[in-house]
Amino acid sequence: MRIAMWSGPRNLSTAMMYAFGNRADCAIWDEPFYAPYLAATGADHPMKNAIIAEHETNPAEVGRRCLDTISAHKPHFYMKHMPHHMIAGFPLDWASQCVNVHLIRHPARVIASYGAKMDHMTLEDIGYPQQAALYDRLGGVVIDSADIRADPEGMLRKLCTAIDLAFDPAMLNWPAGPKAEDGIWASHWYNAVHQSTGFAGAEGDLPELAGEAAQLCRDAMPFYEKLAAVRLSSV
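Report follows, based on the coordinates. Source: prediction; values computed, not measured.

Taken in spatial order, the five strands make up an open sheet running β2-β3-β1-β4-β5, and their pairing is parallel. The open sheet has two free edges, formed respectively by β2 (26-30) and β5 (141-144), since each of these has just one partner strand. Geometrically, the sheet is characterised by an average inter-axis angle of 20° between neighbouring strands, direction not taken into account. One ladder, built from four bridges, connects strand β4 (residues 99-104) with β5; its direction is parallel. Pairing of His102 across the sheet is with Val142, part of β5. Running over the sheet, helix α7 (residues 128-138) touches β1 (2-7), β4 and β5 and is turned about 155° from β4.

As structure tokens, then:
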């Protein structure tokens, strides 16, 4: 099975990658289109030059590798993708041969977390319109990060059932620290998840936003609500 997990930034996506990577039967790949996206757009991201130097920047080559078998000893292949990386002209035909899963998170939480790492953000930077468009094009399963944090085992079991993959309890924990599969950007973005050994507990109240951040949240909400309406049930 090839699993394409689509998620915006700051959305439990690395923890989910570690959960699948802790299965003995699953290889993982961390944001393969990040370097092509930076090379094509020139977006001002932390570590941009290092990312472009370290990782494949040809989107056609990355798309080809998305269909490669990573390891003869691991029959499943989990790819962590971000919708906003898939700019016009990048190949997407490979995704039709994947099980597509869309991981969502309330925009207020994403904006508060992303803003702690980036000085400026737009609606396109956090990927809500692109994720809704990808769901319309590819279909697939939708799951909310808040539901996973509230009940990790229950929701991972439901996800595995929905994609016809046997649940493995190894998904609930992973070793602390960096992983060999991390992108080079991990040193900037993954400090919290590197301290974890499993999913954090349920989140508290939504963060209060003001000004441009509050307006950005209002702009993102219709896209989030569209996907939230078809997410896997937590009950």
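Having seen the model, we can carry on.
So, about the side chain of His45. Inspection of the secondary structure assignment puts His45 in the loop between α2 (34-41) and α3 (48-54). Take His45: its relative accessible area is 9%, and that puts it in the buried class. For His45, the side chain forms a polar contact with the side chain of Tyr34, separated by 2.8 Å. If we skip the residues at most four places from it in the chain, His45 touches Tyr34, Tyr37, Leu38, Tyr114 and Met118.

The next subject is α2. Listing the buried residues of α2 in full gives Tyr34, Ala35, Pro36, Tyr37 and Leu38. Among the structural elements, α3, α4 (59-65), α6 (123-126) and α10 (186-189) are those in contact with the buried residues of α2. Positioned one or two residues after α2, Gly42 has a phi angle of 70°, which is positive.

Counting through the fold element by element, Ser145 comes out in helix α8 (residues 145-150). Not counting the four nearest positions on each side in its chain, Ser145 is found in contact with Asn11, Leu12, Leu103, Ile104 and Arg105.

Calculation notes
- Residues numbered from 1 in each chain as written.
- Predicted model: local features only at pLDDT ≥ 70, side-chain atom pairs only at ≥ 80, totals over all residues.
- Heavy atoms only, no water.
- Pairing = 2+ DSSP bridges.
- Helix = DSSP H or I, 4+ residues; strand = E, 2+ residues; numbered from the N terminus.
- Axes fitted to C-alpha atoms, helices over the stretch in contact; angles between N-to-C directions.
- Contact = heavy atoms within 4.5 Å.
- Buried < 20%, exposed > 50% of the residue type's maximum accessible area, 1.4 Å probe, protein only.
- Polar contact = N/O pair within 3.5 Å; in protein donor to acceptor, adjacent residues only side chain to side chain.

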